[in-house]
Each structure stands twice: as structure tokens, then as C-alpha cells.
Protein chains: 2
Amino acid sequence: MKSVIDPLTQLHTLLNANMKTLNGVLLTCLKSEVSLVSKVTEHLVKAGGKRIRPMLTLASQRLFGELKQDSLYLGVAVELIHTATLLHDDVVDNSNLRRGLETANILWGNSMSVLAGDFLFSRAFQSMVAAETKGVMKVMADALALIAEGEVLQLAQSQQINLDYDTYLRIAESKTAVLFDAACKVGGMIAGASVDQCQLLSSYGRNLGLAFQITDDIFDYFPSDNYGKKPGEDFFEGKVTLPIIVALKTLVDTKWLKSLFEPNAIRTQADFKRVCTLFAGGGVFDACVDLAFSFAKVAREAVAVLPPSPIRNVMEQIPNYVVARVVEHCMAVPFSAQA
Amino acid sequence: MKSVIDPLTQLHTLLNANMKTLNGVLLTCLKSEVSLVSKVTEHLVKAGGKRIRPMLTLASQRLFGELKQDSLYLGVAVELIHTATLLHDDVVDNSNLRRGLETANILWGNSMSVLAGDFLFSRAFQSMVAAETKGVMKVMADALALIAEGEVLQLAQSQQINLDYDTYLRIAESKTAVLFDAACKVGGMIAGASVDQCQLLSSYGRNLGLAFQITDDIFDYFPSDNYGKKPGEDFFEGKVTLPIIVALKTLVDTKWLKSLFEPNAIRTQADFKRVCTLFAGGGVFDACVDLAFSFAKVAREAVAVLPPSPIRNVMEQIPNYVVARVVEHCMAVPFSAQA
């Protein structure tokens, strides 16, 4: 698998010229007369990831024709919203590292991170206003509202050991799936795609986002050098995620696991290792991966109905690739779990 | 003066039915499936002030005819943006009281305040999207960007003793004047007023906002029971505001005053009393009030050109009233300072 170019890289290659233009628009958007604002936002651009969200907007639009200016505005807005929520999340979670770099709250303090996040939201808003396609603003506004509510839900509930699967899913949606959904849907709207086609893109984004978030939550318990996430981050913060929910349902003796997530419980490195071993052997990993693949399947089938093109072919491969990564890195899963 | 009904109350009476409708829309906007969100936002509504900003939107629109639905959406958006920035400000300033009630960051923690602020921004955004008047979104987006940049500027610079008048004014604009400006301007746009008329409303809002902010900054050094602001708040936080800037320019011996705003300087109640006495007697108060009246005059003259009506008459009186309040409460000023 390693010798083949992965579909995310393929998509980036297909959209290379468009992504360069988008990066230019993004940089212009981040400029500010206030020099400290520029300094903080430059750091964020450097620390920025693969820009998968704006890439999905461009890809969704390009499924139906040549690049339209509004895709750039919306793609930039999507990336700015994503970055703003990360800034505020790092304050809320008191994080100190993201993708191997010190977080803004560590470098400039919590106050600056709160205000810089607000600045990014305001720039996202300006960028959206520049788009003239009818209806895209409402899609983005509704997405943002769901994201903001979900953040509160996460803060209030994610550290409770009795967190149920539905609430976990609602949190995963607002953390990742809602923005993926909007990113894809507005791409279709900008292209003038039909209501049904936009709905398929919406479903693609949402289910890909869920597979993405579940995979991220699995990685927490399967340390991997290649992924860039600090192992055990959720565990040590006491965040209840899918592996814990599955474990509580499937394991026979859950008393010890429950005790680790009681208020004020102390979680040691030894506890973490024991949990990881338990999850790998007890079918927890398999069950989580199965679930991630089931969302990936829905995503793949949604985009498969859209007009064929090299971009669509690559978009079809992305959901399974995202989940297969976790399988490859963690090794402990039988291949029968793959859809 | 006390026996006469003040113009803010008069305006509220004139717009009473519209304001009731607006409050209903505001409450609907704050509803959330996530119960903690509702709890926090309910507290904010209770702690809410006089809703002067949405009242200005309604008044500006009603200058040109009957109420339009878009005014409600925009007025609500303006109030939500105002409340969201207060929530984030209280986190940044580590405040514990606002209008006599404990702040949200004290009641629910900083994390919840950051996320509840984001929720309010997202609802503001949804409310704006509901409006169909062309161009209002851009006015609001640009205002929000200026506000967010100004907040960073304030965080970076307001505690520096060499803060100059221009930077002070830029901070005062983003703290108050920019949103007052947008609140009034979009009212005119919704009503279908001419570009010139909208520009006059913009000028009215901006200059009223500046007079409002300067007055607020004066009050910090002139304790008053009737104003609801804790005396010396800016002083004890080490924030350099207009009275300090004026004092440094006009007083002969400024060494002691400067030393109070050095990094890590300790400011005692005795220091505060001494500064207050110095300001009252040394012409500092007079100079600040003069400046506030000069902005009030520009605001009054801008609105005076618009079509006459009971609402316009009251709008004309508001700027001077806002500044006269400080004169009345603080007493130490000669009446010649009034414009």
C-alpha cells in the first residue's frame, strides 16, 4: 500500500493550481494592520495541515466544471472557521502542542488566542460575504451554529463516563462532520449542481467527516509515529470517545475502566498501556474500525453517483483510505473488517 | 434635568411595540437543544442592558417608514455580536462583575464563556443571513473584522503608558463606535434610504459611539452610584484611557502618574483617590468632556439633516444627553464645556 500514491495526495495534485490560488487568497485574508494579529495568524498558517476542507470545496465544485471564484472565497472561509475553532479548542482544552508546534495559547496566551480566533471568524465571514452564490451563506451559518453548540455539548459531557453513543456521534458531527458536509455542499451549490447532487455531496462530506473523526479517536489508543497526534491525548484529558464507549458495552469486566474516568481520577502511563493492550485484543479496535468503515461506505456510495471524472474517482477512494490508514498503522485488525 | 424624561427612555417608549417584537426574536435566537447553552444565554439576557444598539437599528430604519422584518434580524444580530464580545472581553480581562451580576466566566468558567461567545456569534450570523436587504451583510462583516482587530490592538497596547491619542481613538472605535455605526447604517439600508442618508446615519452612530465610550472612560475616574460601573476598573487593570492621555499632556508633573502605569506597578486605593482629585481639579475632566461633546455635536448635526419625525427629534437629543450625564453626576465641570 505504501508504494501507491494516496488519494489525498492525488487530489492535491489534480487541484494543484487551484490550491495555490486558494493559498494566495487565504494569505491576503489573514493580513492585518495590527502587527500582532499578522504574527499570530502567520504562525497558524505555518502550523496549518493539509487544507483538506478547502480542498473538498474545490473538488466538489470542480466535479461540475472549471474553477469559479466563489469556491475560493468559500474554501478560505471553511479553512478560517476550522482554524478559529482549533484556536478556541486549544484554550478550552489547555493544549500545548498541535502538529508538533507549540500552540498559540502557549506562545501568546489564552487571551490572544480567544481574540485571534474571533478575528479569524470575522475574516471567514467577510470571505463568505464576497461569494455571490445564493444560499451558501445560510449553509455556512447553520453549520457554524451546529459546531458552536456541539462544542458546548462536548465541554459539558465528554468527560462523563456514561456518555452514550448518540451523544458521542453528535459531538463527532459538530467537531468534524458538519464542516466537511458544508465544505462539500457549498462546492456543489457554487457549481450550480442540482439539489439532489448537493445533497449527495453533503452526505459524502458528513460521512467522510464521521469516518475521519472516529479514526482520529481510534488513533488515540494506538500510538503511531506517522500520524502526528500525541498518543493518549483524549485519555489523559479524561475525554470519553468511541473506543471507551465500545469497551464498556463489549468487555465483561468494565469496573476498572470506569474508575479511570471518574471525576478527579488519576490516569497514569501504566493505565494507558493497559487500556491500549485491552483494546487491541478485546475486539474494541475491530468494532471501532468496522463502524468507521460503515460511514466510509456511505460516503463512497454517495459520491459514486455523481458525474464521473478523475476528481470523482479520487474522491471515491478517500473515505476508505482514511480508515485504512488506521488499520495499516495499528496492524491489529483483521482485514475482513474492511468494507 | 432629573424631572425630564431622558431621550433614551423616550426613544424606547416611541419604539415600544417594535422593541417587544425584537426581544421575542432575540429569545428565539438564543434557544438551543443543548441545555447548558440555554442556561448561559438566559443569564446573559437577564444581565442585558438597555439594548441601545438594536434600538438604534430600529430607530434608524423607522426614520423612513413602518417597521421592516429585516430590522429585527439585524437588530438581533447587533445585540448578539455585542453580547458575544462582552463574554470574550470578560475572559480576556478576567472580570468578575458586569452590571452588578457575576459574569459568565465566574459562573461557568472561561472555557464555557469562550464557547458561549462563539455560539452567540454563530446565531448572529444566522440572524443576518435571514435578512434579504442587499449589502447589509458586508457592512456587518466589515464591522466585525474591525472590532476583532481592535480587540487585539487593545490587548497589546492599552496597558502601555505611551499609548497615543490616535491609537486610543482606534481602540474606542472598535470597542463601541464601529458597532454603533453599523447598527445605524443597516437600519437606513433596510429602509431603502439613499447612500447619503445611510452615510449620515453611519456618522451619527460612529460619533455617538465615540462620545459614549469617552464618557464611559471618564466615569472610571468619577465614581457615581447611578452609572453601574465599578469605579477605577480601568485604572486598577492598568488600562490607559483618555483621562490619562490628557493628564500626561496637560499636567506639569507627570512622573508619579507615569510610574503608576509601569509594568508590574502596584496601584492602591489611595493612588486612585489621588488621581481622581488631580483629574477633577486640573482641567483633565473638562478637556475630556469637551472632546466627548465635540463628537456628540457631529452626531447630532448628522441626524438633524434627515427627514423630521418624533424619532429623529429624540435621536438628536441622545448624543448630548449621554455626555451631559457624566457632567451631572460628576458635578466638577463648568457648564461652559457643554456644546
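It should be emphasised that the depicted structure is a prediction, and the values quoted were computed from it without experimental measurement.

**Student:** Report on the overall build of chain A, specifying residues and quantitative values.
**Tutor:** A count of helices and strands for chain A gives 16 helices and 2 strands. Relative to the 2.2 N^0.38 estimate, which gives 20 Å for 339 residues, the radius of gyration of chain A is 20 Å and therefore close to what a compact globule would have. The principal-axis extents of the C-alpha atoms in chain A amount to approximately 55 × 45 × 35 Å. The burial tally for chain A puts 58% of its 339 residues in the buried class. For chain A, long-range pairs separated by at least 24 residues make up 76% of all intrachain contacts whose partners lie at least 6 apart in sequence. Carbon and sulfur atoms provide 54% of the accessible area of chain A, an area that totals close to 13900 Å². The averaged location of the 35 negative side-chain charges in chain A is 3 Å from the averaged location of its 32 positive side-chain charges.

**Student:** With reference to specific residues and values, describe the relation of the copies chain A and chain B.
**Tutor:** With an RMSD of 0.0 Å, the fit of chain A onto chain B corresponds to turning through 180° and sliding 0.0 Å along the axis. Within this description, the copies of the chain are treated as partners about a two-fold rotation axis. Proximity to the rotation axis, assessed at the C-alpha, singles out Val 114 of chain A in chain A; its C-alpha lies 3.5 Å from the axis.

**Student:** Which residues make up the interface of chain A and chain B, and what values do they have?
**Tutor:** Bring the parts together and some accessible area is lost; that lost area is often taken as the interface size. The interface of chain A with chain B comprises 34 residues on the first partner and 35 residues on the second. Taken over both partners, the interface formed by chain A and chain B buries close to 3200 Å², and the fraction arising from carbon and sulfur atoms is 79%. The tally of links between chain A and chain B comes to 2 salt bridges. Note that Glu 149 of chain A and Arg 123 of chain B form a salt bridge whose closest N and O atoms lie 3.6 Å from each other. Counting every contact that joins chain A to chain B gives 6 residue pairs in polar contact (both at pLDDT 80 or more). Every element with two or more residues in the side of chain A that touches chain B is listed here: α3 (35–46), α5 (69–93), α7 (110–130) and α8 (136–157) of chain A. Of all the elements, α8 of chain A adds the most residues to the side of chain A that touches chain B, at 14 residues. For the side of chain A that touches chain B, the class distribution of residues is 22 nonpolar, 5 polar and 7 charged.

**Student:** A description of empty space enclosed by the protein should follow, citing residues and the corresponding values.
**Tutor:** Residue and element names in this part refer to chain A. Under the defined criterion, the tally for this structure stands at 10 cavities of 30 Å³ or more. If you add up the space inside the second largest cavity, you get close to 180 Å³. Leu 44, Ala 47, Leu 86, Arg 98 and Arg 99 are, among the 17 residues lining the second largest cavity, the residues nearest its centre. Broken down by secondary-structure element, the contributors of at least two residues to the lining of the second largest cavity are α3, α5 and β2 (101–102). Considering every element that reaches the lining of the second largest cavity, the biggest residue donor is α5, with 6 residues. Considered class by class, the residues forming the lining of the second largest cavity number 6 nonpolar, 6 polar and 5 charged.

**Student:** Before we move on, could you go through the packing of aromatic side chains and cite the residues and values that matter?
**Tutor:** Applying the stated criterion across every chain, the model contains 17 aromatic pairs over all chains. Where Phe 235 of chain B meets Phe 261 of chain B, the ring centres are 5.9 Å apart and the plane angle is 85°; that geometry is what we call edge-to-face. With a gap of 26 residues between them, Phe 235 of chain B in helix α11 (residues 233–237) and Phe 261 of chain B in the loop between α13 (255–260) and α14 (269–281) connect regions that are remote in the sequence. Of the two residues examined, Phe 235 of chain B and Phe 261 of chain B, each falls in the buried class. Members of the aromatic cluster, each reached through a chain of ring pairs, are Tyr 221, Phe 235, Phe 236, Phe 261, Phe 272 and Phe 279 of chain A. Over the face of the ring belonging to Trp 256 of chain A we find Arg 274 of chain A, whose NZ or CZ atom lies 3.7 Å from the ring centre.

**Student:** Mind laying out unusual backbone geometry, listing which residues take part and the relevant values?
**Tutor:** Here Arg 51 of chain A, not a glycine, exhibits a phi torsion of approximately 55°, which is positive. Exposure remark for Arg 51 of chain A: the relative accessible area of 12% places this residue in the buried category. Positioned with a positive phi, Asn 264 of chain B is a non-glycine residue whose angle comes to about 70°. Within the element layout of this structure, Asn 264 of chain B appears in the loop between α13 and α14.

**Student:** Outline the environment of Ala 77 of chain A, supporting the account with residue identities and numerical values.
**Tutor:** Residue and element names in this part refer to chain A. Its place among the elements puts Ala 77 in helix α5. Since its relative accessible area comes to 0%, Ala 77 is described here as buried. The spatial distance from the C-alpha of Ala 77 to the C-alpha of Leu 87 is 15 Å, given a sequence separation of 10 residues. Residue contacts for Ala 77: discarding those within four places in its chain leaves Ala 124, Ser 127, Met 128 and Met 140.

**Student:** Could you give an account of the pattern of salt bridges, naming the residues involved and the relevant values?
**Tutor:** Residues and elements named next belong to chain A. Within this structure, the stated rule accounts for 20 salt bridges over all chains. Note that Arg 170 is salt-bridged to Glu 149, the shortest N-O span being 3.9 Å. Here Arg 170 is found in helix α9 (residues 165–191), whereas its partner Glu 149 is found in helix α8, with 21 residues between them in sequence. Take Arg 170 and Glu 149: they sit in the same class, and that class is buried.

**Student:** Report on the side chain of Ser 127 of chain B, specifying residues and quantitative values.
**Tutor:** All names here are of chain B. Secondary-structure assignment places Ser 127 in helix α7 (residues 110–130). Ser 127 sits in the buried class, given a relative accessible area of 4%. Here Tyr 73 takes part through its backbone oxygen, which lies 2.8 Å from a polar atom of the side chain of Ser 127. Here Ser 127 is in contact with Cys 29, Tyr 73, Val 76 and Ala 77, once residues within four sequence places are set aside.

**Student:** If you had to explain the environment of Arg 170 of chain B to someone new, which residues and values would you point to?
**Tutor:** All names here are of chain B. Given the relative accessible area of 19%, Arg 170 is considered buried. Taking the C-alpha atoms as reference points, Arg 170 and Val 195, separated by 25 residues in sequence, lie 25 Å from one another. Not counting the four nearest positions on each side in its chain, Arg 170 is found in contact with Leu 146, Glu 149, Gly 150 and Leu 153.

**Student:** Any chance you could break down the packing of helix α4 (residues 52–62) of chain A against α9 of chain A for me, citing the residues and the numbers?
**Tutor:** Helix packing geometry: the angle between the two helix axes and the distance between the axes. All names here are of chain A. Contact pair α4 / α9: the axes reach a minimum separation of 7 Å and the direction vectors enclose 30°. With respect to α9, the element α4 is oriented roughly parallel. Relative to α9, α4 is oriented so that their crossing is right-handed. Note on element contacts: α9 touches α4 through Thr 176, Leu 179, Phe 180, Ala 183, Cys 184, Val 186, Gly 187, Gly 188, Ile 190 and Ala 191, opposite Ile 52, Arg 53, Leu 56, Thr 57, Ser 60 and Gln 61. Class assignment of the residues belonging to the contact of α4 with α9 gives a composition of 9 nonpolar, 6 polar and 1 charged.

The rules behind the values
Residue numbering note: each chain is counted from 1, following its sequence as written. Chain letters and ligand numbers both follow the written order, the letters beginning at A and the numbers at 1. Residue-level local features of this predicted model are given only where pLDDT is at least 70; pairs of side-chain atoms are given and counted only at 80 or more, and the full residue set underlies all totals for whole chains, interfaces and linings. As a rule here, side-chain values come from all non-hydrogen atoms in the structure, and water together with hydrogens is ignored. Where helices and strands are cited, they refer to DSSP runs of H or I of at least four residues and of E of at least two residues respectively, numbered from the N terminus. Values of the radius of gyration come from C-alpha atoms, whereas the globule rule sets the reference at 2.2 Å times the count of residues to the power 0.38. Using a 1.4 Å probe on the protein chains alone, a residue whose accessible area is under 20% of its type maximum counts as buried, one over 50% counts as exposed, and one in between counts as partly exposed. Contacts are assigned to residue pairs with any non-hydrogen atoms lying within 4.5 Å of each other. Surface accessibility in these figures is a Shrake-Rupley result with a 1.4 Å probe; residues are shielded only by whichever protein chains are displayed. For the purpose of counting charges, residues Lys and Arg are taken to be positive, whereas Asp and Glu are taken to be negative. His and the chain ends are not included. Working definition for charges: the position is that of NZ of Lys, CZ of Arg, CG of Asp or CD of Glu. Copy-to-copy superposition: least squares on the C-alpha atoms, limited to residues that have pLDDT of at least 70 in both copies. The term buried area means the drop in 1.4 Å probe accessible area that two parts suffer when joined, counted for both and summed. When a carboxyl oxygen of Asp or Glu is within 4 Å of a side-chain nitrogen of Lys or Arg, the pair counts as a salt bridge. Each polar contact in these results corresponds to two N or O atoms within 3.5 Å; when the atoms are within protein, one needs to be able to donate a hydrogen and the other to accept it, and residues that are neighboring in sequence are counted only if both atoms are side-chain atoms. For this classification, the nonpolar set comprises Ala, Val, Leu, Ile, Met, Phe, Trp, Tyr, Cys and Pro, the charged set comprises Asp, Glu, Lys and Arg, and every other residue, Gly included, is treated as polar. Method remark: on a 1 Å grid restricted to protein atoms, a set of points is classed as a cavity if a 1.4 Å probe fits but cannot get out and as a pocket if it is open with protein on both sides within 12 Å along at least five of seven lines; lining residues have an atom within 4 Å of a point. Grid points are joined across faces, edges and corners, and a volume is the space filled by probe spheres set on the points. Two rings belonging to Phe, Tyr or Trp (six-membered ring only in the last case) form a pair when the distance between their centres is within 6.5 Å. Interplanar angles under 30 degrees mark stacking, angles over 60 mark edge-to-face geometry, and anything in between is tilted. As a reminder, the over-ring test applies to NZ of lysine and CZ of arginine, requiring each to be within 6 Å of the ring centre and within 35 degrees of the ring normal. Here an axis means a line fitted to C-alpha atoms, over the contact stretch when the element is a helix, while the angle between two N-to-C directions is reported on a 0 to 180 degree scale. For classification purposes, an angle smaller than 35 degrees is called roughly parallel, one larger than 145 roughly antiparallel, one from 65 to 115 roughly perpendicular, and anything else oblique. Helix crossings are classified by the rotation of the near helix relative to the far one: an anticlockwise turn of less than a right angle makes the crossing left-handed, while a clockwise turn makes it right-handed.

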